[in-house]
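Structural overview for review
Okay, here's what each chain looks like letter by letter:
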Amino acid sequence: MEMTFRWYGPESEKITLEEVRQIPGVKGIVGTLFDIPAGDVWPKERIKKLKDEIEAAGLTLKVIESVNIHDDIKIGLPSRDKYIENYKETIRNLAEFGIEVICYNFMPIFDWVKTDLNYKLPDGSYTLAFEEHGINKSPEEIIKDVEDSSGGYILPGWEPERLAHVKTLFEAYKDVNEDKLRDNLAYFLKAIIPTCEEAGIKMAIHPDDPPYSIFGLPRIVKNREDLDWICNVVDSPSNGITLCTGSISEDPSNNVYAILAEFTKRNRIPFAHVRNIKFIKNRDFYESAHLSFEGSLDMHKIMKALYDNGFDGYIRPDHGRMIWGETGRPGYGLYDRALGISYLNGLWESLEKSNA
């Protein structure tokens, strides 16, 4: 297991690599080039610059998160082949600089969704929360919210350049149901996985967040059956999963411990996001501190499922609360993620020593 920390780069946040380097047990950065539009090739010079900067701080760059999939691929338009070829070139470019894992998602239009980015907890900290009321709107209502700026949407997938085309995107996806989206994912994977095998890269798909349909859009990475289908549609170690414990657990019917055990044993989890959530009622929840008693998940049981089944991939604490007066990108503060890392490393050490 190798502990990592997601970092967006000096232009996008105020956390420095020097600060990350001081978190005990952190060896690597999960990096990104967030400004490159979906569908464009990631240039070698940009990848090299990112890698050099990270390595100069004494850290490694082995995992890239958010090489985003162009909508034409998800929709299944004739132009998808051009964007798939671009994606394959990006894979080769990343492999040239030692990247081993690419984390991506296949969610239509919007990335992860929370309804409150500053949900105040009793201890005075702030976190991300999701409450279903107001989410089950029609596409027409969502479009109106966006155009009126009445929804306060500032989450991934709701960036201004995409929101300017939200009506067009909903129209483009109108005939894309789960079956069609699944076909389009299969087409994409069958095209790129041979390139991944040649380059030594593992693709790791992130579960839908939340793992059920919202805004009338299909979701196809939401439970054990979906993950099994994905692994089988192209049966290769290069076709894997980013198992996010928070996302998959947002549907209480998902058994996160059994899912972790099964797909770790099958060697299909090269990357894990490990965080805790606390259910408020039904499927409403907030992202709690990492410790088991702070949330609804047993974090020792989660780490044990990974350890007992031979997990040897990369891990990060995923999101954290805003504590001690810190401000910044919601979910991505320094302090609480550092606390989460220390806790997860402690759990891992106890598992190692109790099994020595």
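All figures in this text were calculated on a predicted structure; none of them were measured in a lab.

The rules we used
- Residues numbered from 1 in each chain as written.
- Predicted model: local features only at pLDDT ≥ 70, side-chain atom pairs only at ≥ 80, totals over all residues.
- Heavy atoms only, no water.
- Pairing = 2+ DSSP bridges.
- Helix = DSSP H or I, 4+ residues; strand = E, 2+ residues; numbered from the N terminus.
- Axes fitted to C-alpha atoms, helices over the stretch in contact; angles between N-to-C directions.
- Phe/Tyr/Trp six-rings, centres within 6.5 Å; stacked < 30°, edge-to-face > 60°.
- Buried < 20%, exposed > 50% of the residue type's maximum accessible area, 1.4 Å probe, protein only.
- Lys NZ or Arg CZ within 6 Å of the ring centre and 35° of its normal.
- Contact = heavy atoms within 4.5 Å.
- Disulfide = S-S within 2.5 Å.
- Arc of directions from axis to C-beta.
- Polar contact = N/O pair within 3.5 Å; in protein donor to acceptor, adjacent residues only side chain to side chain.
- Patch = residues over 30% accessible without salt bridge, like charges linked within 9 Å, V, L, I, M, F, W, Y side chains within 5 Å.
- Areas by Shrake-Rupley, 256 points an atom, 1.4 Å probe, with all protein chains shown as cover.
- Salt bridge = Lys/Arg side-chain N within 4 Å of Asp/Glu carboxyl O.

**Let's talk about the sheet that holds strand 5 (residues 116-120)**
One open sheet accounts for 4 strands, arranged 5-6-11-10; its pairing is antiparallel. The two strands at the open ends of the sheet, each matched to only one other strand, are strand 5 and strand 10 (277-281). The average angle at which neighbouring strand axes cross in this sheet is 40 degrees, direction not considered.

**Let's talk about the packing of aromatic side chains**
Under the defined criterion, the tally for this structure stands at 12 aromatic pairs. When the centroid spacing of 5.5 Å and the interplanar angle of 40 degrees are considered together, the rings of Trp324 and Tyr335 count as tilted. Taken together, the residues span a long stretch of sequence, with Trp324 in the loop between strand 12 (314-316) and helix 13 (335-354) and Tyr335 in helix 13 at a distance of 11 residues. The class of Trp324 is exposed, set by a relative accessible area of 64%. For Tyr335, a relative accessible area of 35% translates into the label partly exposed. Residue placement shows Arg283 over the ring face of Tyr212; its charged tip is 3.6 Å from the ring centre. Sitting over the ring of Tyr8, Arg329 keeps its end group 3.8 Å from the ring centre.

**Let's talk about the sheet that holds strand 1 (residues 2-6)**
If you trace the 8 strands once around the closed barrel, you get 1-2-3-4-7-8-9-12, paired in parallel fashion. Direction aside, neighbouring strands of the sheet carry axes that sit 30 degrees apart on average. Strand direction decides the pairing type here: strand 9 (residues 271-273) and strand 12, joined by 3 bridges, are parallel. The residue bridging Phe271 from the neighbouring strand is Tyr314, located in strand 12. The sheet strands contacting helix 4 (residues 80-96) are strand 3 (60-65), strand 4 (101-104) and strand 7 (202-205), and the helix crosses strand 4 at an angle near 140 degrees.

**Considering the state of the cysteines**
Evaluated as defined, the whole model comprises 0 disulfides. Free cysteine: Cys244, not disulfide-bonded; nearest cysteine sulfur from Cys103 at 8.8 Å.

**Here's the deal with helix 11 (residues 256-265)**
When we look at burial in helix 11, the residues that qualify are Val256, Tyr257, Ile259, Leu260, Phe263 and Thr264. Projected down its long axis, helix 11 shows its buried positions confined to an angular sector of 165 degrees, all on one face. Those residues of helix 11 that are buried are in contact with helix 9 (224-233), strand 8 (239-244), helix 10 (245-249) and helix 12 (299-308). Looking at where helix 11 begins, the residue whose side-chain oxygen comes 3.2 Å from the main-chain nitrogen of Tyr257 is Asn255. Directly after helix 11, the chain includes Asn267, whose backbone phi takes a positive value near 60 degrees.

**Quick look at the environment of Pro194**
By the secondary structure assignment, Pro194 is in helix 8 (residues 178-199). Taking relative accessible area as the criterion, Pro194 reaches 37% and is therefore assigned partly exposed.

**Considering a nonpolar patch on the surface**
Nonpolar side chains collect at one region of the surface, where Trp324, Tyr335 and Leu339 lie side by side and expose about 350 Å² of accessible area between them. Among the structural elements, Leu339 can be located in helix 13.

**Some thoughts on the pairing of strand 10**
As defined by bridge partners, strand 10 adjoins strand 11 (residues 284-287) across 4 bridges and the pair is classed as antiparallel. Bridging across to strand 11, Lys278 finds its partner in Tyr286. Hairpin connection from strand 10 to strand 11: 2 residues lie between these consecutive antiparallel strands, with Asn282 at a positive phi of about 50 degrees.

Interpretation in functional terms is not warranted from these geometric data alone.
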